[in-house]
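Coordinate inspection notes
Single-letter residue listing:
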Amino acid sequence: MHLAYPAVLSALLFCTGLYGVLARRNAILVLMSVELMLNAVNLNLVAFDAWLGRTANDTLHSGQALTLFTIAIAAAEIGIGLAIVLAVYRNRGTSDIDKLRDTAEGPDAEGPDSDHPAAEKAEATA
């Protein structure tokens with residue numbers, strides 16, 4: 001098999017994952033899109049390892065070893081990511097990324113940089 005076939009498939013997978021990361025609002029779908037991107041990288045690693053192994057008589061298979069590490073990292077990432085999404089969903093009631101922009105403070109929180117009139121009144125009395 002030519003190297004172009006897995007490379008093109010990998011590019012399509014990566015572009016699909018990138019579109020999912022940029023266009024989705026649901027945090028779980030964003031995590032799934034990141035997984036697509038990681039799988040595209042894994043496909044490239046294995047394809048180039050097989051291609052270079054044929055030409056160099058290499059028995060190390062470093063591309064496949066790196067793929068195993070990438071799979072382990074992806075499993076840890078999805079576990080931690082889902083735990084964070086579930087914790088945010090329990091606290092906020094939504095997993096919509098656009099509504100989670102102010103995770104540290106609520107919409108009525110007043111800070112020192114706030115242009116809210118109550119913040120100016122609090123600074124004047126202090």
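Residues numbered from 1 in each chain as written. Predicted model: local features only at pLDDT ≥ 70, side-chain atom pairs only at ≥ 80, totals over all residues. Heavy atoms only, no water.

Side note on the overall build of the protein
This is how it is decided: For the purposes of this entry, the term helix denotes a DSSP run of H or I that reaches at least four residues, the term strand denotes a run of E that reaches at least two, and both are numbered from the N terminus. Relative accessibility decides the category of a residue: with a 1.4 Å probe and only protein chains considered, values under 20% of the type maximum give buried, values over 50% give exposed, and everything between is partly exposed. Two residues qualify as a contact provided that any one of their heavy atoms is within 4.5 Å of a heavy atom in the partner residue. Using a 1.4 Å probe, the Shrake-Rupley method yields the accessible areas, and only the shown protein chains count as cover for residues.
Summing up its helical and strand segments, the protein has four helices and zero strands in all. Looking at the protein residue by residue over its 126 residues, the buried ones come to 21%. Counting contacts in the protein only where the partners sit at least 6 residues apart, residues at least 24 apart contribute 54% of the total. Here the protein displays about 9200 Å² of accessible surface, and carbon together with sulfur accounts for 64% of that area.

A word on the UniProt feature "transmembrane region" (unreviewed entry) in the protein
Formally: UniProt positions are given in the numbering used here, feature names are shortened, and annotations may be inferred rather than shown by experiment.
Those places that UniProt annotates as "transmembrane region" (unreviewed entry) correspond, in this numbering, to residues 65–89. Here residues 65–89 is 100% helix and 0% strand, with 36 Å between the C-alpha atoms at its ends.

Section: the side chain of Asp49
The condition that has to hold: Between N or O atoms, a polar contact is any pair within 3.5 Å; within protein, one atom must be a potential hydrogen donor and the other a potential acceptor, and residues adjacent in sequence are included only when both atoms are from side chains.
Inspection of the secondary structure puts Asp49 in helix α2 (residues 27–56). When its relative accessible area of 7% is taken as the criterion, Asp49 is described as buried. Looking at Asp49, its side chain comes within polar contact range of the side chain of His61, at 3.3 Å. In contact with Asp49, not counting residues within four places along its chain, are His61, Ser62, Gly63 and Gln64.

Details of the environment of Thr70
Structurally, Thr70 can be placed in helix α3 (residues 62–92). For the pair Thr70 and Asn42, spaced 28 residues apart in sequence, the C-alpha separation works out to 7.2 Å. Each residue touching Thr70, except ones within four places of it in the same chain, is listed here: Leu38, Asn42 and Leu45.

A short note on the side chain of Glu35
The condition that has to hold: The sign given to each residue is positive for Lys and Arg and negative for Asp and Glu; His and the chain ends receive no count. Between Lys or Arg on one side and Asp or Glu on the other, a salt bridge is scored when a side-chain nitrogen of the former is within 4 Å of a carboxyl oxygen of the latter.
Tracing the sequence through the fold places Glu35 in helix α2. Of the side chains with opposite charge, Arg24 lies nearest to the buried Glu35, which makes no salt bridge, at 15 Å. Dropping the residues within four chain positions of it, Glu35 is found in contact with Ala74, Glu77 and Ile78.

Regarding the packing of helix α1 (residues 4–23) against α2
For clarity, the cut-off: Where helices are involved, their axes are fitted lines through C-alpha atoms of the stretch in contact, as for all axes, and angles between N-to-C directions lie from 0 to 180°. Angle categories: roughly parallel below 35 degrees, roughly antiparallel above 145, roughly perpendicular from 65 to 115, and oblique for all the rest. Handedness of a crossing is defined here by the sense of rotation of the near helix relative to the far one, left-handed for an anticlockwise turn of less than a right angle and right-handed for a clockwise turn. For this scheme, ten residues count as nonpolar: Ala, Val, Leu, Ile, Met, Phe, Trp, Tyr, Cys and Pro. Four count as charged, namely Asp, Glu, Lys and Arg, and the remainder, Gly too, count as polar.
Where α1 meets α2, the axes come as close as 8 Å, and the angle between the chain directions of the two elements is 165°. Classified by the interaxial angle, the pair formed by α1 and α2 is roughly antiparallel. Considering the relative orientation of α1 and α2, their crossing is left-handed. Within the contact between the two elements, α1 uses Pro6, Ala7, Leu9, Ser10, Leu13, Phe14, Thr16, Gly17, Leu18, Gly20 and Val21 and α2 uses Val30, Ser33, Val34, Leu36, Met37, Ala40, Val41, Leu43, Asn44 and Ala47. When its residues are assigned to classes, the contact of α1 with α2 shows 15 nonpolar, six polar and no charged.

Some details on α1
Spelled out, the test is: Given a helix with a known number of residues, its expected span is that number minus one, times 1.5 Å. Here, the arc refers to the directions that run from the helix axis to the C-beta atoms.
With 20 residues, α1 extends 28 Å from end C-alpha to end C-alpha; this agrees with the ideal 28 Å at 1.5 Å per step. For α1, every residue scored as buried is listed here: Pro6, Ser10, Gly17 and Gly20. Burial along α1 is one-sided: seen end-on, the buried residues are contained in an arc of 85°. Seen from the buried face of α1, the exposed residues on the opposite side, beyond 90 degrees, are Leu12, Cys15, Tyr19 and Leu22. Its buried side turned inward, α1 meets α2.

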